[in-house]
Amino acid sequence: MANKVLVFGATGKQGGACVDALLAGKQCEVHAIVRKTESPAAKALQARGVILHQGDFKSKESMEAAMRNGQCNAVFLMTAYHPFKNNKPKAETAQGMSAIDAIAAVNPNAFVFFTSVAGAGKSPAAVTHISAKGLIEAHLKQSAIKRWFILRPTAFYESVDDKANGNPLKKGKVKYLTRAEATVAYVSIVDIGHA
């Protein structure tokens, strides 16, 4: 059977990097689960040959349908914590667990590649944007899914010159949520896609 990969977050940064790498490799059929199949970002994916499935994390049924209709045997799964969009850590954890349950219900033999975060599983519960990922990791490990891989990336290199973060490099300095003398590890989103 040909590899058919379902990508979560395909219109975003990590999922978009995964789509780019998969399309460049030309060795699999790329599927994407998107909230709005008529959105410009979704249409741009479709124009590149990506097969779209309507759905989102809030609907386990839609995620199951995407897996079933696409006959997907691999999944790129990422979840996002958006404190400014009212997405609390509990919501992210619930969404990730629901996605894992949907994948397991349709194809427990599918290979699941989950992008988590450095420190997941070791972080105090008070560091909610990291501990939420640790709970999702634990759920994946305990699920019926037999083949999985967890990547724990660090801070994104692209964030130091991102419009959403105020393009700090264009201002000549980078502010970060850490002590000035701390060493911060960075990874490129492109490399996450290649992984």
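Residues numbered from 1 in each chain as written. Predicted model: local features only at pLDDT ≥ 70, side-chain atom pairs only at ≥ 80, totals over all residues. Heavy atoms only, no water.

1. Some points on the pairing of strand β5 (residues 111-115)
The condition is simple: With a 1.4 Å probe rolled over the protein chains alone, any residue whose accessible area is under 20% of its type maximum counts as buried; one over 50% counts as exposed, and the rest are partly exposed. Put simply, DSSP marks the helices as runs of H or I at least four residues long and the strands as runs of E at least two long, and each gets a number from the N terminus on. Following DSSP output, two strands are said to pair if at least two bridges run between them.
Most of β5 sits inside the fold, with four of its five residues counted as buried. Strand direction decides the pairing type here: strand β4 (residues 74-78) and β5, joined by five bridges, are parallel. Bridging from a neighbouring strand, F76 pairs with F113 of β5. Summarising the sheet, β5 and strand β6 (residues 147-151) pair through five bridges and their orientation is parallel. The residue of β6 that forms the bridge with F111 is R147.

2. Examining the pattern of salt bridges
Under the convention used in this document: By definition, a salt bridge exists where a carboxyl oxygen of Asp or Glu is found within 4 Å of a side-chain nitrogen of Lys or Arg.
Applying the stated criterion to the full structure yields seven salt bridges. Its salt-bridge partner being E38, residue K43 comes within 3.5 Å of it at the nearest N-O pair. Owing to a relative accessible area of 35%, K43 belongs among the partly exposed residues under this scheme. Look at E38 and you get exposed, because its relative accessible area is 59%. A salt bridge links E64 to R68; the nearest nitrogen and oxygen atoms lie 3.7 Å apart. Residue E64 and its partner R68 are both found in helix α3 (residues 60-70); the two are separated by four residues, about one turn of the helix.

In short, shape yes, function no, at least from these values alone.
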